[in-house]
Amino acid sequence: MTGPLPNPADARVVVIGAGIVGCSLADELTARGWRRVTVLDQGPLPAPGGSTSHAPGLVFQTGPSKTMTEFAAYTVRKFGSLDVDGLPCFNPVGGLEVATTEARWADLHRKAGLAASWGVRGELVDPQQCKKLWPMLDERMLHGGFHTPDDGLARALLACRAQRARAERRGARFLARHTVTGIERAAGRVTGVVTDRGAFPADHVVSAAGFWGPVIGALAGVDVPLLPLAHQYATTAPLPELDGANDPRTEAGRPILRFQDRDLYFREHTDRIGIGSYAHRPMPVDPFTVPAFDDAPVMPSSLPFTEEDFAPSWQDSVELLPALGASRVADGFNGVFSFTPDGMPLLGETRALRGFWLAEAVWVTHSAGVAKAVAEWMTDGRPATDVHECDLTRFEDAQRSPAYTQERGAQNFIEVYDVIHPLQPMAQPRPLRTSPFYPRQQELGAYFLEAGGWERPHWYEANAPLAEGLRLPERDAWSARHWSPIAAAEAAATRERVALYDMTPLRRLEVTGPGALAFLQRMTTNQLAKKPGSVTYTLLLDEAGGIRSDLTVARLAPDRFQVGANSGADLDWLLRHAPDDVGVRDITSGTCCIGVWGPLARDLVQPLTRDDFSHGAFGYFKAKQTYLGHVPVTALRLSYVGELGWELYTTADLGLRLWDTLWEAGREHGVIAAGRSAFNSLRLEKGYRSWGHDMTTEHHPYEAGLGFAVRPAKGDFLGRAALAGRSEETAARKLTCLTLDDPAANVLGKEPVLVDGAPAGYVTSAAYGYTLGRTVAYAWLPAAAAVPGTAVHIAYFGEKIAATVAQEPLFDPQMTRIRR
């Protein structure tokens, strides 16, 4: 969102959808002074017939995403403070996840670590304690469980009523039986919503339509990559074991229960048990053909129960809860809700239609937290919580097709309760995006992982002979996944000789025009007013000084810049702010890049060009347009691995020729191809940050150790005012370098860091440092603990691993290897 922020008292907002997200958003907006808020729904109120109307309401807060955990935690706090006529909107019965396999028991240890990282109370419990919490359990099946006492049941329809009442008292209106038939627009902005009962002028429209999101998006000309899927939910007949056990007003007294090894969850309904299953086949639903409320047998989101799909899950339920053997399924339905290609929500304002917002693919678990973030975004220009994982710009064009959305959405349904390694890619559809070097990488036996649709080599089997004889610590089963000792050989070759890295997937933008320099000066933190041929590391900040991204900006001509960026959000942000005399375009797909790094990089490259690549003629952070053999390239003297070298860019059609040229010239120098596994190790040894992992909008440059990229004296730039008075000295927390004391120990990221035995921060990035002979981790810690020499511990699968705060960078602090 750009330009002056709206005056909440004057701006007209139409929210489409009166489910839990729409009601929560109306409450959050009106609490911030928005008065002209209209919420429309095609169904009756208070239960309009979407996913909210049938939601079982389980809220397990903890997950791998810090953002989603914070959304869930806010939902718990908010709903816990609400009631309707004395009925609480949240019942804090707690949560219990049980493990019936060793793999799940290990994963629950990992989840306990995530809970500690994100500030959620939880403890691992043995089978007997599980039995005390849920007496119907067959504890003989269990390895143990993870108990979270603050989780519980959100009563979604009650929470809708409570928030609707608050919003109405502040001036909002809720209109039932209004089916949206059109979105009005003019000059690239939304101007109103058309319904079957009249039109509603609007300055902002928020689609909170749930699984109808693609329908509303189509009316606005906005793509909404969301797949509705049916999910089975059944209720048993009354159980003698629960007779008189629960107050009908609160329905449940025992924790919500997850049996993830069989894709099941359970909750009490007074004297019955509700069972939800993800074990069945994916059942996609076309949102354009869902019947209207009055035409649906029950309601639009409730489809007929398919008993044959549920039969295996009933047997699994009886196995875990033997008392169910004397009961039966009394009721059931297939309830429709939303999945995206990566399982995360779709949030934010579209650039194609200004003022049109998405708050889609949101479950009850995260509803109030999402609504708060969107309300902050609309009011202040930014949410307080980092939302890059949910930003609607995160999908590439190749990831937005209906086929991709359906395939990945269905797979996310299948995997919703699976134990997923952080590096584990989905199997299909692949390969989708490949660099021009892909045929050569296949020939070299590349082990590919995937990100952003790109196939990305992590190591090459052709380098296996180089790994023979290496003495490396044995890895645990988890850290050994998607890893090979070949990565160590590739890192060593980079440090000792020279290696080629495929950097094509990193986003590249071109900024041109007479106002290009002034525009980039205003948008970024560092001084860019340098001669053509200069390269600058700089930051994109938001209005509050949070780090939106880090960029590498090469000035190739007085009015032409090449920008190395991170995500589609960077392109969106620049396009939103670009004046008429500036052009911004994404050139990633039409170009490619090879990183040539290592002490012999100059020996490899220099014979291929007539230009002088010596340090004196082509210094660090400089750019030059030249030819390597027959290939025109833009060469940037940069290194993300801490070694001499260049990033070499050319057009995609010449990419294979560039690879072959470098490969042939490098044979005499022992050149190898190296993958992302070695790359990540080398960059952490050097202390280079990775945006989205090490820092986000929740962090400012000085606490992230990036104050060197901020030049307040250059003049005004976006976020400059917010940095006034901040410095590394005043930072309350810091991104901190840690080394593990045990050379054989590993961590991977997101583990809690303990100071004096208590959680004080969390790991952002980690990798084994092959040059250093031990694991390197970066973590956010209180400033008082971020002092070199401070002893800390990292909790990894329940084990406390000793680590020490280290002075960074760990490798080549004098920069002699890069600047040779």
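Scroll up to find the structure this text is about.
A short tour of the structure in this document, coming up. The structure presented is a predicted model; accordingly, all values stated were derived computationally and were not measured.

Our focus in this paragraph is the overall build of the protein chain. Each helix and strand counted, the protein chain has 17 helices and 42 strands in total. A compact globule built from 820 residues would reach a C-alpha radius of gyration of about 28 Å, and the protein chain, at 28 Å, matches this within 12%. For the C-alpha atoms alone, the extent of the protein chain along its principal axes is close to 85 × 65 × 50 Å. Classification of the 820 residues of the protein chain by burial places 61% in the buried group. Taking contacts inside the protein chain between residues at least 6 apart in sequence as the whole, the part at least 24 apart equals 72%.

Turning to the nonpolar core, a few remarks are in order. Among soluble globular proteins, nonpolar side chains are generally buried collectively. Membership of the largest hydrophobic core comes to 50 residues, with the highest contact counts inside it found for Val 37, Phe 79 and Leu 347. Elements with a contribution of two residues or more to this core: strand S1 (12-16), helix H1 (20-31), strand S2 (36-40), helix H2 (66-80), helix H5 (156-169), strand S23 (356-360) and helix H8 (367-380). Per element, the largest residue contribution to this core is eight residues, and it comes from H8. Other than its neighbours up to four places away in sequence, Val 37 contacts Val 13, Val 15, Ala 26, Leu 29, Thr 30, Gly 171, Ala 172 and Arg 173.

The next thing to look at is the side chain of His 421. Positionally, His 421 belongs in the loop between helix H9 (402-414) and helix H10 (438-443). Non-local contacts of His 421, meaning those with residues more than four positions away in its chain, are made with Trp 478, Arg 481, His 482 and Leu 748.

With 14 residues, H5 extends 20 Å between its outermost C-alpha atoms, agreeing within 8% with the 20 Å of an ideal straight helix rising 1.5 Å per residue. Of all the positions in H5, only Ala 156, Leu 158, Ala 159, Cys 160, Ala 162, Gln 163 and Ala 167 are classed as buried. Buried residues along H5 sit against H1, H2, strand S4 (83-84), strand S5 (87-88), strand S10 (152-154) and strand S11 (173-175). Immediately downstream of H5, the backbone of Gly 171 shows phi near 120 degrees, a positive value.

This part is about the sheet that holds strand S13 (residues 189-195). Backbone-to-backbone hydrogen bonds pair the strands of a sheet. The strands run either parallel or antiparallel. Spatially, S12-S13-S14 is the arrangement adopted by the three strands of the open sheet, whose pairing is antiparallel. Each edge of the open sheet is held by one strand with a lone partner, namely strand S12 (180-186) and strand S14 (198-201). The mean angle between the axes of side-by-side strands here comes to 25 degrees, regardless of whether they run parallel or antiparallel. Direction of pairing for S13 relative to S14: antiparallel, over a ladder of four bridges. Residue pairing for S14: Thr 195 is matched across the bridge by Gly 198.

Let's shift gears to the state of the cysteines. Summed over all chains, the structure comprises zero disulfides. Here Cys 592 is not cross-linked by a disulfide; its sulfur's nearest cysteine counterpart is in Cys 593, at 7.7 Å. Look at Cys 592 and you get buried, because its relative accessible area is 0%.

The next point concerns the pairing of strand S27 (residues 508-512). Burial runs high along S27: four of the five residues are buried. Relative to strand S30 (residues 560-564), S27 is paired through five bridges, and the arrangement is antiparallel. Residue pairing across strands places Val 511 opposite Phe 561, the latter belonging to S30. Bridging between S27 and strand S31 (residues 583-586) involves four bridges; their strand directions are antiparallel. By the bridge assignment, Leu 509 is partnered in S31 with Asp 586.

Together, Lys 530, Lys 531, Lys 622 and Arg 711 make up a positively charged patch on the protein surface. Relative to the helices and strands, Lys 531 is located in the loop between helix H13 (516-523) and strand S28 (535-541).

Reading guide: rules and limits
Per chain, residues are indexed from 1 in the order of the written sequence. Reporting in this predicted model follows two pLDDT cut-offs: at least 70 for local features of residues, and 80 or more for side-chain atom pairs to be given and counted; totals over whole chains, interfaces and linings ignore these cut-offs and use all residues. The side-chain figures draw on all heavy atoms in the structure; neither hydrogens nor water molecules are used. Only DSSP runs of H or I with at least four residues qualify as helices, and only runs of E with at least two residues qualify as strands; both kinds are numbered from the N terminus onward. With C-alpha atoms as the basis for the radius of gyration, the globule rule is written as 2.2 Å multiplied by the number of residues raised to the power 0.38. Buried, partly exposed and exposed residues are distinguished by accessible area as a fraction of the type maximum, computed with a 1.4 Å probe on protein chains only: under 20%, between the cut-offs, and over 50%, respectively. Contacts between residues were defined by any pair of non-hydrogen atoms, one from each residue, lying within 4.5 Å. Nonpolar cores were defined as sets of buried Ala, Val, Leu, Ile, Met, Phe, Trp, Tyr and Cys residues, with membership established by side-chain atoms within 4.5 Å. Under the convention used throughout, the expected extent of a helix is 1.5 Å for every residue step, that is, one less than its residue count. In this analysis, strands are considered paired if DSSP registers two or more bridges between them. Note on definitions: angles span 0 to 180 degrees between N-to-C directions of axes, and those axes are lines fitted to C-alpha atoms, for helices only across the stretch in contact. Put simply, a disulfide is two cysteine sulfurs that come within 2.5 Å. Only residues whose relative accessible area exceeds 30% and that take part in no salt bridge are eligible for patches, with like-charged residues grouped when within 9 Å of each other and nonpolar side chains (Val, Leu, Ile, Met, Phe, Trp, Tyr) grouped when within 5 Å. For the area figures, the Shrake-Rupley method with a 1.4 Å probe applies, and any residue is considered shielded solely by the protein chains shown. We count a salt bridge whenever a side-chain nitrogen from Lys or Arg sits within 4 Å of a carboxyl oxygen from Asp or Glu. Charge assignment: positive for Lys and Arg, negative for Asp and Glu; neither His nor the chain ends contribute. Where a charge lies is defined by one atom per residue type: Lys uses NZ, Arg uses CZ, Asp uses CG and Glu uses CD.

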